[in-house]
Amino acid sequence: MKGEDSMEKARSQVEEVTDMMKGNMTKIIEREGKLEDLELKANKLDVESQQFQKATVKVKRRAMLENMKMKLAIGGAVSLIVIVVIIIIATKYNRDRINMTCISK
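Parameters and conventions
- Residues numbered from 1 in each chain as written.
- Predicted model: local features only at pLDDT ≥ 70, side-chain atom pairs only at ≥ 80, totals over all residues.
- Heavy atoms only, no water.
- Helix = DSSP H or I, 4+ residues; strand = E, 2+ residues; numbered from the N terminus.
- Buried < 20%, exposed > 50% of the residue type's maximum accessible area, 1.4 Å probe, protein only.
- Areas by Shrake-Rupley, 256 points an atom, 1.4 Å probe, with all protein chains shown as cover.
- Patch = residues over 30% accessible without salt bridge, like charges linked within 9 Å, V, L, I, M, F, W, Y side chains within 5 Å.
- Salt bridge = Lys/Arg side-chain N within 4 Å of Asp/Glu carboxyl O.
- Lys, Arg positive; Asp, Glu negative; His and termini not counted.
- Charge placed at Lys NZ, Arg CZ, Asp CG, Glu CD.

A. Focus on the overall build of the protein chain. Helices and strands together make up the secondary structure of the protein chain, namely one helix and zero strands. Looking at the 105 residues of the protein chain, the share that counts as buried comes to 0%. When the accessible surface of the protein chain is totalled, it reaches about 10,400 Å², and 65% of it is carbon and sulfur.

B. Layout of a nonpolar patch on the surface. On the surface, a nonpolar cluster with roughly 470 Å² of combined accessible area is contributed by Met 70, Ile 74, Val 78, Val 82 and Ile 86. When you line up the elements, Ile 86 lands in helix α1 (residues 2–104).

C. The arrangement of a negative patch on the surface in detail. A cluster of acidic side chains, namely Glu 32, Glu 36, Asp 37 and Glu 39, defines a negative patch on the protein surface. Relative to the helices and strands, Glu 32 resides in helix α1.

Functional significance is not addressed by these values, which are geometric in nature.
Encoded structure:
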């Protein structure tokens, strides 16, 4: 009887260890699946971040171009105003000079 009890006890322990190992294997397989999902998500996020970066560069260039257009428009307007003022002053100076020469003759 004592031999049968120790044999039964050993079988019980073997079954317990086997059940634990099966449970561990199941957990490992589940973890592997989760890791694969995580890797897919990470790759997708990487692709999306590259697309976002490209879009950001395009938006930045567009904004820079709009800013440059505005600066050129303001510069052109200021230049035009300066030219008009110079022309007005020059014509007034010429009229005054012509009037002075006519008066002195």
